[in-house]
Amino acid sequence: DAMVIQNPRYQVTQFGKPVTLSCSQTLNHNVMYWYQQKSSQAPKLLFHYYDKDFNNEADTPDNFQSRRPNTSFCFLDIRSPGLGDAAMYLCATSRRPTSGSVGETQYFGPGTRLLVL
Amino acid sequence: SQQGEEDPQALSIQEGENATMNCSYKTSINNLQWYRQNSGRGLVHLILIRSNEREKHSGRLRVTLDTSKKSSSLLITASRAADTASYFCATVSGSARQLTFGSGTQLTVLP
């Protein structure tokens, strides 16, 4: 079945130790998103790719970086995790909106829960 | 910034009852979507309603949209214990095209 896969499901890292979360998709969607979701809060968009075009949200900290080497894979790099970065990180994909489209459905992976010690 | 606010924040009902969740937003939208999230999992898309639509149905789900009041509601009829989850509305506005999520409603359906 076509899907969005996130690895690992749980990640433990140490304060200040770089960590990479990965996302892959078999949907062949053009757009990939990374969200941060803290406990009992709404998902917050960090950045997204339209194909290879990177779009950073204005309030995403510089500590968060992303790479998309090809259509199928996208990575979230946290350069120096702090205690406040402990959260669920969600990857999502969607088709690229076509002319006249009013926003596409997003397909989410199961998330990676990050714990910072 | 958060676009949508949802109420109630938490809702607890008995199996078989209907559950209604409301979402209000601040700016004009292109469409509004509802997502469901089981505890510790990713989000699952439920339904999309466009700005020129007023009501939409999908199985036991009924969504309404009132653009004059900038609000939407999600009705789940004949609820089941398996409907227990958090429900989020999300809006798409202007040329941005990405989703902005509301604060969510935690629904608990008691068997």
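Quick caveat: nothing in here was measured; it's all calculated off a predicted structure.

A word on the packing of aromatic side chains
Link 1 in the chain: Taken as a whole, this structure holds 11 aromatic pairs over all chains when the rule is applied.
Link 2 in the chain: Residues Y35 of chain A and F108 of chain A carry aromatic rings whose centres are separated by 5.5 Å and whose planes lie at 40 degrees to one another, so their mutual orientation is tilted. Here F108 of chain A lies in strand 10 (residues 107-108) and Y35 of chain A lies in strand 4 (residues 31-37), a separation of 73 residues in the sequence. You'll find Y35 of chain A and F108 of chain A in the same group, each marked buried.
Link 3 in the chain: Ring centres of F47 of chain A and F54 of chain A lie 5.4 Å apart, and the angle between their planes is 45 degrees; on these two criteria the pair is classed as tilted.
Link 4 in the chain: Residue F54 of chain A is classed as partly exposed on the basis of its relative accessible area, which comes to 39%.
Link 5 in the chain: Cluster of aromatic residues (ring-pair linked, three or more members): Y33, Y35 and F108 of chain A together with Y35, F88 and F101 of chain B.

Observations concerning the pattern of salt bridges
Link 1 in the chain: This structure, assessed with the given rule, holds 6 salt bridges over all chains.
Link 2 in the chain: The salt bridge partner of D77 of chain A is R67 of chain A, with a shortest N-O separation of 2.7 Å. Of this pair, D77 of chain A sits in strand 8 (residues 73-78) while R67 of chain A sits in strand 7 (residues 64-67), placing them 10 residues apart in sequence.
Link 3 in the chain: Residue classification places D77 of chain A among the buried residues on the basis of a relative accessible area of 14%.
Link 4 in the chain: Each of R36, R60 and D83 of chain B takes part in salt bridges that share partners, so that together they form one network.

Some points on the nonpolar core
Link 1 in the chain: Core analysis: the largest hydrophobic core is formed by 21 residues, its most contacted members being M21, L32, W34, L74, I76, Y87 and L107 of chain B.
Link 2 in the chain: Of all the secondary-structure elements, those providing two or more residues to this core are strand 2 (10-14), strand 3 (19-24), strand 4 (31-37), strand 5 (43-50), strand 7 (61-66), strand 8 (71-76), strand 9 (85-92) and strand 11 (105-110) of chain B.
Link 3 in the chain: Residue contacts for L74 of chain B: discarding those within four places in its chain leaves A19, T20, M21, W34, L46, L61, R62, V63 and Y87 of chain B.
Link 4 in the chain: Ranked by size, the runner-up nonpolar core spans 18 residues in total, among them L46, L76, A87 and C91 of chain A.

Parameters and conventions
- Residues numbered from 1 in each chain as written.
- Chains lettered and ligands numbered in written order.
- Predicted model: local features only at pLDDT ≥ 70, side-chain atom pairs only at ≥ 80, totals over all residues.
- Heavy atoms only, no water.
- Phe/Tyr/Trp six-rings, centres within 6.5 Å; stacked < 30°, edge-to-face > 60°.
- Helix = DSSP H or I, 4+ residues; strand = E, 2+ residues; numbered from the N terminus.
- Buried < 20%, exposed > 50% of the residue type's maximum accessible area, 1.4 Å probe, protein only.
- Salt bridge = Lys/Arg side-chain N within 4 Å of Asp/Glu carboxyl O.
- Core = buried A, V, L, I, M, F, W, Y, C linked by side-chain atoms within 4.5 Å.
- Contact = heavy atoms within 4.5 Å.

By themselves, these are just geometric observations and shouldn't be taken as functional.
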